[in-house]
Protein chains: 2
Amino acid sequence: MSNKIKSLDELYQLALRDIKGQQGSIVIYVANIPQVSQTNDIIGNSLQEWLPAWFKDNGLELQPNKSTQKFPDFTAIFEDDDNVEMDIKCWNADNTPAFDLANFESFYQVVYNSPDKIFAKYLVIGYKPNKHGFTIDEIYLKNMWEMTSNTPTKPINLQLKRERPYAIRPYNFSRNPDSCFEGPIAMVNAIRQAVEIYPLETELPFTPDEWYAKMVRVIKAKGYDK
Amino acid sequence: MSNKIKSLDELYQLALRDIKGQQGSIVIYVANIPQVSQTNDIIGNSLQEWLPAWFKDNGLELQPNKSTQKFPDFTAIFEDDDNVEMDIKCWNADNTPAFDLANFESFYQVVYNSPDKIFAKYLVIGYKPNKHGFTIDEIYLKNMWEMTSNTPTKPINLQLKRERPYAIRPYNFSRNPDSCFEGPIAMVNAIRQAVEIYPLETELPFTPDEWYAKMVRVIKAKGYDK
């Protein structure tokens, strides 16, 4: 038996065991002379680079999605298990999470053709900057609906650009996990409502109701009823 | 006698001797596990952080300009010499330099009150990304007028934002050093012309001609005639 990561849950358990609470740092070498970075704004990007490299060291290859427009970023290639669509998100846990969960329009189209991507998993890492770098404070393995919610003005937390829906953003799931969507059906219903309110860039060969019906069918087949 | 850097020229010579041609890399550690960064877009920012830290190790403190709007970024504090206003710029030497030399409007205002800042020095580093990080390929110590020029459509290489002048950008000085401005007077004349063509955000208590006359006076007093 190899020591390779065999499932997304094993990956999550490994992360909890080996990196939660640990210190991290970014060191720049020139001519072998090291200097520790004090700049907070490269921590997130650096972590997003470190994690897939570390998973690879532990036998799990993450295949990047070839199209950068497509959702989600990676497919985790397991030897003895199904491949799993997944994404990695990092945020400064001194602040409210504000990363993009997905590009709205791309997500809406992609899941119509590949409804299983509704169940794409997010490995989410909350770091806190400190004097020498950062610590890894929070680690989650979540579905999209466990991280977003409606807002006072919108059916789902949508970032708009020039009046068009641009990205699905998180709710403060880390502080209030119970105020996110109840389940995937509540989320796809909110997305249908958002498409009815905000016009999309592209004309699509299906209506919001057809989209919703297809999503609900697939979600119920997976055993969810909310 | 200490080993401290005593002038900007010593700093330049040290950089040429110790880092030109050298390999650099960026390593991210989490829980002491290192992974080498493969992302090109953090090299410039990382170098811009490494250099002042390395100068400090060599006894030269760069005092950051308190206002981020102001020009230039640093004052070099020399023990036995005058303090010198300076900036550090890094660019990917596989491409044409495209960093901002200065915010146009801030530069225009700041040098009216502190004309010596016209002579602020730029330490400019050209790096080339490679498999394990980057190499330091080019190092220059230059004045602003040695790095920019007019363009086919503008008296000086100006980046516009919403029709307003935003930043002074470099000419490809690394490939064609002789096609930059002949000297500081040619540059301030070009800036005066640009102010006459492009309206500024702020109303100022001096005219472009008054600004130009003051600059020329100070520049000639330093012995330049072009």
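Use the structure listed above.
Let me sum up the structure you'll find in this document. Worth saying up front: this structure is predicted, and the values here are computed from it rather than measured.

## A closer look at the overall build of chain A
Alright, step 1. The secondary structure content of chain A amounts to 5 helices and 10 strands.
Alright, step 2. Relative to its length of 226 residues, chain A is compact, with a C-alpha radius of gyration of 19 Å against a globular reference of 17 Å.
Alright, step 3. With the principal axes as the frame, chain A shows a C-alpha extent of 60 × 45 × 35 Å.
Alright, step 4. Scored against the burial criterion, the 226 residues of chain A give a buried share of 51%.
Alright, step 5. For chain A, restricting intrachain contacts to residue pairs at least 6 apart in sequence, the fraction spanning at least 24 positions comes to 66%.
Alright, step 6. Summing over all exposed atoms, chain A offers an accessible surface of approximately 11,200 Å²; the carbon and sulfur share of this is 43%.

## A word on the pattern of salt bridges
Residues and elements named next belong to chain B.
Alright, step 1. For the structure on display, the rule yields 14 salt bridges over all chains.
Alright, step 2. With its nearest N and O atoms 3.8 Å apart, the salt bridge here joins E201 to R164. Linking E201 in the loop between helix 4 (184-197) and helix 5 (208-221) with R164 in strand 10 (residues 164-168), this pair joins segments that are 37 residues apart in sequence.
Alright, step 3. For R164, a relative accessible area of 29% corresponds to the partly exposed category.
Alright, step 4. Where R192 meets D209, a salt bridge forms, and the shortest distance between an N and an O atom there is 3.1 Å. In this pair, R192 sits in helix 4 while D209 sits in helix 5, placing the two residues 17 residues apart along the sequence.
Alright, step 5. Relative accessible area serves as the criterion here: at 44%, D209 is assigned to the partly exposed category.

## Some details on helix 3 (residues 104-113) of chain A
Residues and elements named next belong to chain A.
Alright, step 1. Helix 3 sits mainly inside the fold: 8 of its 10 residues count as buried.
Alright, step 2. Residues of helix 3 that are buried include every one of F104, E105, S106, F107, Y108, V110, V111 and Y112, and no others.
Alright, step 3. Buried residues along helix 3 sit in contact with strand 6 (102-103), strand 9 (158-161), strand 10 (164-168), helix 4 (184-197) and helix 5 (208-221).
Alright, step 4. Capping the start of helix 3, N103 holds a side-chain oxygen 3.2 Å from the backbone nitrogen of E105, two or three residues further along.

## Some points on the interface of chain A and chain B
Alright, step 1. Opposite the 29 residues of chain A that make contact, chain B presents 29 residues.
Alright, step 2. Note on chain A versus chain B: buried area summed over both sides is about 2,300 Å², and carbon and sulfur give 60% of it.
Alright, step 3. Three residues stand out in chain A for area buried against chain B, namely V30, E49 and W50 of chain A, and they jointly supply 27% of the buried area on that side.
Alright, step 4. Our count for the chain A to chain B interface comes out at 0 salt bridges.
Alright, step 5. For the side of chain A that touches chain B, the secondary-structure elements that each account for two or more residues are strand 1 (23-30), strand 2 (33-36), helix 2 (43-57) and strand 8 (133-143) of chain A.
Alright, step 6. Broken down by element, the residue count for the side of chain A that touches chain B peaks at 8 residues, all from strand 1 of chain A.

## Some words on the relation of the copies chain A and chain B
Alright, step 1. Each copy of the sequence occupies a distinct position, and chain A is placed on chain B by a rotation of 180 degrees and an axial shift of 0.0 Å, giving an RMSD of 0.0 Å. Given the turn and translation reported, the copies of this chain are related as if by a two-fold rotation axis. The C-alpha atom lying nearest the rotation axis in chain A is that of V27 of chain A; the distance is 2.6 Å.
Alright, step 2. In this assembly, 100% of the residues forming the interface of chain A have copies in chain B that are likewise at the interface, indicating an isologous arrangement.

## Comments concerning the sheet that holds strand 6 of chain A
All names here are of chain A.
Alright, step 1. Taken together, 3 strands build an open sheet; the order of strands is 6-10-9 and the sheet is antiparallel. What marks the edges here is a single partner per strand, and that holds for strand 6 and strand 9.
Alright, step 2. Inspection of the sheet shows strand 6 paired to strand 10 by 2 bridges, in the antiparallel sense. Counterpart to A102 in the pairing with strand 10 is I168.

## Side note on the packing of aromatic side chains
Alright, step 1. Per the counting criterion, the structure on display carries 33 aromatic pairs over all chains.
Alright, step 2. A network of ring pairs unites the aromatic residues F104, Y108, Y112, F206 and W211 of chain A as a single cluster.
Alright, step 3. A cation sits over an aromatic face here: R192 of chain B above Y212 of chain B, 3.7 Å from the ring centre.
Alright, step 4. Positioned above the aromatic ring of F119 of chain B, the side-chain terminus of K222 of chain B is 4.9 Å from the ring centre.

The rules behind each value
Residues numbered from 1 in each chain as written. Chains lettered and ligands numbered in written order. Predicted model: local features only at pLDDT ≥ 70, side-chain atom pairs only at ≥ 80, totals over all residues. Heavy atoms only, no water. Helix = DSSP H or I, 4+ residues; strand = E, 2+ residues; numbered from the N terminus. Rg over C-alpha atoms; globule rule 2.2 N^0.38 Å. Buried < 20%, exposed > 50% of the residue type's maximum accessible area, 1.4 Å probe, protein only. Contact = heavy atoms within 4.5 Å. Areas by Shrake-Rupley, 256 points an atom, 1.4 Å probe, with all protein chains shown as cover. Salt bridge = Lys/Arg side-chain N within 4 Å of Asp/Glu carboxyl O. Polar contact = N/O pair within 3.5 Å; in protein donor to acceptor, adjacent residues only side chain to side chain. Buried area = accessible area lost by both parts, 1.4 Å probe. Least-squares fit on C-alpha atoms with pLDDT ≥ 70 in both. Pairing = 2+ DSSP bridges. Phe/Tyr/Trp six-rings, centres within 6.5 Å; stacked < 30°, edge-to-face > 60°. Lys NZ or Arg CZ within 6 Å of the ring centre and 35° of its normal.

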